[in-house]
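Chain residues, written in single-letter form:
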Amino acid sequence: MQAQALSGGFADPATQSAHAFRSIMEAMARPGTLHGVSGALPPAPLSRAAGAVLLTLCDTETPAYLAGGANCDAVHAWLAFHTGVPLVGPSHCRFAVGSWSALTPLSAYPIGTSEYPDRSATLIVECPELTDSGEILTGPGIRNNAALSLPEVAAFQSNHALFPLGLDFIFTCGDRLAALPRSTKVCAPMGATEVTPCM
Amino acid sequence: MTDYNFAYLDEQTKRMIRRAILKGLAIPGYQVPFASREMPMPYGWGTGGVQVSAAVLTPEDTFKVIDQGADDTTNAVSIRTFFERTAGVETTTTTCDASVIQTRHRIPEEPLSEGQILVYQVPIPEPLRFLEPRESETRKMHSLEEYGLMHVKLYEDISRHGHIATSYAYPVKVEGRYVMDPSPIPKFDNPKLGDMAAIQLFGAGREQRIYALPPYTQVVSLDFEDHPFEASKADHPCGMCGAIDSYLDELIIDDTGGRMFVCSDTDFCEARQLAGHKGKDAA
């Protein structure tokens, strides 16, 4: 276990984190687009994309919350060695990682204050699949509309309603990621059985 | 080049700047505080822009720097050389070949495309600062969307000059929420801010603020129904390339009052001259 914790980080941190950040930034600037990230080999259950996001954005200054299965010894040791990130509960975290079911309810996370809406959490949501189809997205960064497979609709609609407060999401699956900032409006896809009206 | 970390800044600083950029993109127009570092250049020379560029550059990027539209002024040349030496990136003066463009006070004439990133150097990021000097108050005004004072300022322009006399750093409203300073670009460039295909990042080093506009963001220049916003420029064609739709610099060329107008975007002007366009002052 000890040896496993020491491996799987960026071999060349400066350039690999620069590439990973560009993917994350493109994803956040263009919600609904999928981007590849590579270079990290975190222990299970973390995906390679989630590992790369954590290595790129987290350090001793960013308390993180590990939800559900991500909260295991192997991940603790790996993050401690590679990032030094302090682990906290959801109410004080800057980043949270886990599956959607483990991360919810969203009311547990800081959404920022009206004077400092940036002081809010970013949730890294591990998804079993991630495609650019499904829920319809509109808003800044999207020309007309985009589509993204989201775990649900209502939670993202109520998060958007808090704007400029709210949470930002990075969805990870294997070595790909997409993002959904609070500024994006989410609608259920046309013809969905459970109709959720746009907010 | 091994004397420095890639792109000069240490990794922890870059992570901090990168987190600020992501929050900035998530809240378009909102100024995210960040722990600006001292850079090997004085404040006012683009330390904010340089830090943002350092955080977004990858070794494969092609980097362009413009200063008031020009590629060949001291500020542009020294920042370009800085990243050639500390990041080893390719540099260019051709707008369409650049993947990251750092700019001081202009948006290139040529429309930018989806793969590009435009990094602005910002001296004073707070549009309300000259109306309300206290940061604690301007924070509150942004949080309450209390922008009446800005409209009073534009109204005073009209009552004093008969029209809105603000000609650069013209305030804009982003996605109907935050009033934002577009940095001291001429108001001629304001219409390019909205619906741009490229990502726009703004860095203010001395004031320690980063803000951003994602692509295709709605950006509206503040105005009044009876005094609509007008993107103005000198009413002349370019003396070198004859362009009638580009922003012009006025140059004094002798001591008898002679003057000429030339494109402020040097790359745009040179490309047009190479394509055979000639203005009345071209040699």
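Rules and cut-offs
Residues numbered from 1 in each chain as written. Chains lettered and ligands numbered in written order. Predicted model: local features only at pLDDT ≥ 70, side-chain atom pairs only at ≥ 80, totals over all residues. Heavy atoms only, no water. Helix = DSSP H or I, 4+ residues; strand = E, 2+ residues; numbered from the N terminus. Rg over C-alpha atoms; globule rule 2.2 N^0.38 Å. Buried < 20%, exposed > 50% of the residue type's maximum accessible area, 1.4 Å probe, protein only. Contact = heavy atoms within 4.5 Å. Areas by Shrake-Rupley, 256 points an atom, 1.4 Å probe, with all protein chains shown as cover. Lys, Arg positive; Asp, Glu negative; His and termini not counted. Charge placed at Lys NZ, Arg CZ, Asp CG, Glu CD. Buried area = accessible area lost by both parts, 1.4 Å probe. Salt bridge = Lys/Arg side-chain N within 4 Å of Asp/Glu carboxyl O. Polar contact = N/O pair within 3.5 Å; in protein donor to acceptor, adjacent residues only side chain to side chain. Pairing = 2+ DSSP bridges. Axes fitted to C-alpha atoms, helices over the stretch in contact; angles between N-to-C directions. Domains from an automatic or database assignment. Phe/Tyr/Trp six-rings, centres within 6.5 Å; stacked < 30°, edge-to-face > 60°. 1 Å grid on protein atoms, 1.4 Å probe; cavity = no way out; pocket = protein on both sides within 12 Å on 5 of 7 lines; lining within 4 Å. Points joined across faces, edges and corners; volume = space filled by probe spheres on them. Nonpolar A, V, L, I, M, F, W, Y, C, P; charged D, E, K, R; others polar.

K.L.:
Is there a simple way to explain the overall build of chain B in this structure?
P.N.:
Secondary structure assignment for chain B yields 7 helices and 12 strands. Compactness check: chain B gives a C-alpha radius of gyration of 19 Å against a globular reference of 19 Å for 283 residues, within 12% of the reference. If you line up chain B on its principal axes, its C-alpha atoms span 55 × 50 × 35 Å. The 283 residues of chain B split such that 56% are buried. Contacts in chain B between residues far apart in sequence, at least 24 positions, make up 62% of those at least 6 positions apart. With an accessible surface of roughly 11900 Å², chain B has 50% of that area assigned to carbon and sulfur atoms.

K.L.:
Just checking my understanding: could you explain the overall build of chain A for this structure?
P.N.:
Of the regular secondary structure elements, chain A holds 6 helices and 9 strands. For chain A, the C-alpha radius of gyration of 16 Å lies close to 16 Å, the compact-globule estimate for 199 residues. Referenced to the eigenvectors of the C-alpha coordinate spread, the extents of chain A come out at roughly 50 × 30 × 30 Å. Long-range pairs, those at least 24 residues apart, make up 67% of the contacts in chain A with a sequence separation of at least 6. For chain A, the accessible area works out to roughly 7800 Å², and carbon and sulfur atoms hold 55% of it. Chain A carries 9 positive and 15 negative side-chain charges, and their two centres are separated by 8 Å.

K.L.:
Hey, could you run me through the interface of chain A and chain B in this one?
P.N.:
How big an interface is tends to be stated in terms of the accessible area lost upon association of its parts. Contacts between the two partners involve 43 residues from chain A, matched on the other side by 41 residues from chain B. The contact between chain A and chain B buries some 3500 Å² in all, and 60% of this surface belongs to carbon and sulfur atoms. Its largest share of buried area at the contact with chain B, chain A owes to Arg22, Arg30 and Glu115 of chain A, together 17% of the area lost on that side. The tally of links between chain A and chain B comes to 6 salt bridges. Here Asp61 of chain B and Arg22 of chain A are joined by a salt bridge, their closest N and O atoms 2.6 Å apart. Connecting chain A to chain B are 19 residue pairs in polar contact (both at pLDDT 80 or more).

K.L.:
Looking at this structure, how should I read the environment of Asp223 of chain B?
P.N.:
All names here are of chain B. Of note, Asp223 is situated in the loop between strand E10 (219-221) and strand E11 (248-252). Classification of Asp223 as partly exposed rests on a relative accessible area of 30%. For the pair Asp223 and Leu154, spaced 69 residues apart in sequence, the C-alpha to C-alpha distance is 7.6 Å. With sequence-adjacent residues up to four places away left out, Asp223 is seen in contact with His151, Tyr170, Pro228 and Phe229. Only 2.8 Å separates the side chain of Asp223 from the backbone nitrogen of Phe229, close enough to count as a polar contact.

K.L.:
Please explain the sheet that holds strand E5 (residues 135-138) of chain A as it appears in this structure.
P.N.:
All names here are of chain A. The strand order across the open sheet formed by 3 strands is E6-E5-E9, and the pairing between neighbours is antiparallel. The strands lining the two open edges of the sheet, one partner per strand, are strand E6 (146-148) and strand E9 (185-187). Direction aside, the axes of adjacent strands within the sheet are offset by 35° on average. Inspection of the sheet shows E5 paired to E9 by 3 bridges, in the antiparallel sense.

K.L.:
How should I be thinking about the domain arrangement of chain B in this particular structure?
P.N.:
Residues and elements named next belong to chain B. In terms of domain boundaries, chain B breaks down into domain 1 (11-126 + 167-221) and domain 2 (233-283). A C-alpha centroid distance of 26 Å is found between domain 1 and domain 2. The interface is formed by 15 residues belonging to domain 1 together with 9 residues belonging to domain 2. For the pair domain 1 and domain 2, the two sides together bury roughly 920 Å², of which 48% comes from carbon and sulfur. On the surface where domain 1 and domain 2 come into contact, there are 0 salt bridges. Our enumeration of links across domain 1 and domain 2 arrives at 7 residue pairs in polar contact (both at pLDDT 80 or more).

K.L.:
Just to check I follow, could you spell out the packing of aromatic side chains for this structure?
P.N.:
Remark: the centre distance and the inter-plane angle together describe each pair of aromatic rings, the angle taken between the planes. All names here are of chain B. Within the structure shown, the criterion is met by 15 aromatic pairs over all chains. Each ring, one from Tyr4 and one from Tyr8, has its centre 5.3 Å from the other, and the planes form 45°; the classification is tilted. Judged by its relative accessible area of 24%, Tyr8 falls in the partly exposed class. Aromatic pair Phe82 and Phe83: ring centres 5.0 Å apart, planes at 75°, arrangement edge-to-face. Judged by its relative accessible area of 13%, Phe82 falls in the buried class. Classification of Phe83 as buried rests on a relative accessible area of 0%. Members of the aromatic cluster, connected to one another through ring pairs, are Tyr4, Tyr8, Phe63, Phe82 and Phe83.

K.L.:
Mind showing me how you'd approach the pairing of E11 of chain B here?
P.N.:
Residue and element names in this part refer to chain B. Of the strand pairs in this sheet, E11 and strand E12 (residues 259-263) are connected by 5 bridges, and their pairing is antiparallel. Of the residues in E12, the one forming a bridge with Glu250 is Phe261. Hairpin connection, E11 to E12: the antiparallel pair is bridged by 6 residues, and Gly257 has positive phi, about 90°.

K.L.:
Would you take a moment to explain the layout of surface pockets for this structure?
P.N.:
If a probe the size of a water molecule is rolled over the atoms, the empty space left behind becomes visible. If you add up the space inside the largest pocket, you get close to 360 Å³. In terms of lining residues, the largest pocket is bounded by 16 residues, among which Phe130, Lys153, Tyr168, Ala169 and Asp181 of chain B are the most central. Classifying every residue of the lining of the largest pocket gives 11 nonpolar, 2 polar and 3 charged. Around the second largest pocket sit Glu61, Arg94, Asp118 and Arg119 of chain A together with Met16, Arg19, Ala20, Lys23, Val32, Pro33, Phe34 and Ala35 of chain B, which together line it. Counting residues per element, the ones that place at least two in the lining of the second largest pocket are helix H1 (11-26) and strand E1 (32-33) of chain B. In terms of residue count, the dominant contributor to the lining of the second largest pocket is H1 of chain B (4 residues). A breakdown of the residues in the lining of the second largest pocket according to their chemical character gives 6 nonpolar, no polar and 6 charged.

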